[in-house]
Amino acid sequence: MPGATFLEGDSVDLCTIEKDDVAFVTEALNHPEVRVPLGIAEPKNETQHEEWVEEEVASDDGFNLLIVADDEPVGVISSNWMSERHGHAVMSAWLAADAQGQGYGTDATSTFVDFLVDERRMETVRAEAFAFNEKSNAILQSIGMERVGTIPNWAFVDGEHHDSHIYAVTAEQWRNRH
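Rules used in this analysis
- Residues numbered from 1 in each chain as written.
- Predicted model: local features only at pLDDT ≥ 70, side-chain atom pairs only at ≥ 80, totals over all residues.
- Heavy atoms only, no water.
- Salt bridge = Lys/Arg side-chain N within 4 Å of Asp/Glu carboxyl O.
- Helix = DSSP H or I, 4+ residues; strand = E, 2+ residues; numbered from the N terminus.
- Buried < 20%, exposed > 50% of the residue type's maximum accessible area, 1.4 Å probe, protein only.
- Axes fitted to C-alpha atoms, helices over the stretch in contact; angles between N-to-C directions.
- Parallel < 35°, antiparallel > 145°, perpendicular 65-115°, else oblique.
- Left-handed = near helix turned anticlockwise from the far one by under 90°.
- Contact = heavy atoms within 4.5 Å.
- Nonpolar A, V, L, I, M, F, W, Y, C, P; charged D, E, K, R; others polar.
- Phe/Tyr/Trp six-rings, centres within 6.5 Å; stacked < 30°, edge-to-face > 60°.
- Lys NZ or Arg CZ within 6 Å of the ring centre and 35° of its normal.

Engineer: How should I be thinking about the pattern of salt bridges in this particular structure?
Structural biologist: Where charged atoms from two side chains of opposite charge approach closely, those side chains can pair. Per the stated rule, a full pass over the model turns up five salt bridges. One salt bridge in this structure joins Asp118 and Arg175, with 3.8 Å as the shortest N-O distance. Of this pair, Asp118 sits in helix H4 (residues 104–118) while Arg175 is found in helix H6 (residues 171–175), placing the two residues 57 residues apart along the sequence. We note that Asp118, like Arg175, is exposed. A salt bridge links Glu128 to Arg126, with the shortest nitrogen-to-oxygen separation between them at 3.8 Å. A residue is classified by how much of its surface remains accessible, and Glu128, at 37% relative accessible area, is partly exposed.

What follows is the structure, given as structure tokens:
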């Protein structure tokens, strides 16, 4: 059961993550269509995800929000690193396998960047996607983030080394994108 709605997008809400959401997170992140594009190589059970909620989600270091569509959880969006002093944030997101391709990722990511720029005064927002993760690269480009670099052979996923693309958008670019 999703927690309180923190941000509202056009097709999704971004809600607080609660202990009741652990089963969804565990099921979704262990699914091959989710874990492989994220580079997750170790299975995690509900106990491990409960610890994540208690240690990471409940901390004051960044934001972790549940992406909710039609009152059902469909993914998670986060900014686990922020520099309030310099105005920079790094964000990440994932969607459950059955929620991909429905526009939820685009809406959630745009809504979250709006929040980081407009309410948290971030000057730059950065994201990263493995080169083979076509869906994530497409979302980041479609919302106006610019690919600013590539780290070669950054991750070993599914038996091979893969590059990682770095994306960024400044507050000015974000506000002037349309």
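Engineer: Help me understand the packing of helix H1 (residues 22–30) against helix H3 (residues 46–57), please; the structure alone is not making it clear to me.
Structural biologist: For any two helices packed against each other, one specifies the inter-axial angle together with the distance between the axes. It is the contact of H1 with H3, at a shortest axis distance of 9 Å, that shows an interaxial angle of 120 degrees. On the basis of their axis angle, the class for H1 and H3 is oblique. Our pair here, H1 against H3, has a crossing hand that is right-handed. Residue-level inspection shows Val22, Ala23, Val25, Thr26 and Leu29 of H1 in contact with H3, the latter providing Glu46, His49, Glu50, Trp52 and Val53. Residues of the contact of H1 with H3, tallied by class, amount to six nonpolar, two polar and two charged.

Engineer: What's the story with H1 in this structure? I'm lost.
Structural biologist: Turn by turn, an α-helix covers 3.6 residues, leaving residues three or four places apart pointing in a common direction. Where H1 is concerned, the buried positions are Val22, Phe24, Val25, Thr26, Ala28 and Leu29. For H1, the elements touching its buried residues are helix H2 (32–38), H3, strand E3 (63–69), strand E4 (72–83) and strand E5 (88–95).

Engineer: So what exactly am I meant to see when it comes to the packing of aromatic side chains here?
Structural biologist: Aromatic ring pairs are reported here in terms of the distance separating the ring centres and the angle at which the planes meet. In the structure shown here, the tally under the stated rule is five aromatic pairs. Taking the centre distance of 5.7 Å and the plane angle of 10 degrees together, the rings of Phe130 and Phe132 count as stacked. Classification of Phe130 by relative accessible area gives buried; the value is 13%. Exposure remark for Phe132: the relative accessible area of 30% places this residue in the partly exposed category. By the ring-pair criterion, three or more aromatic residues cluster together here, those being Phe6, Phe63, Phe112 and Phe115. Here Arg177 stacks its cationic end above the ring of Trp174, 3.5 Å away from the centre of that ring.

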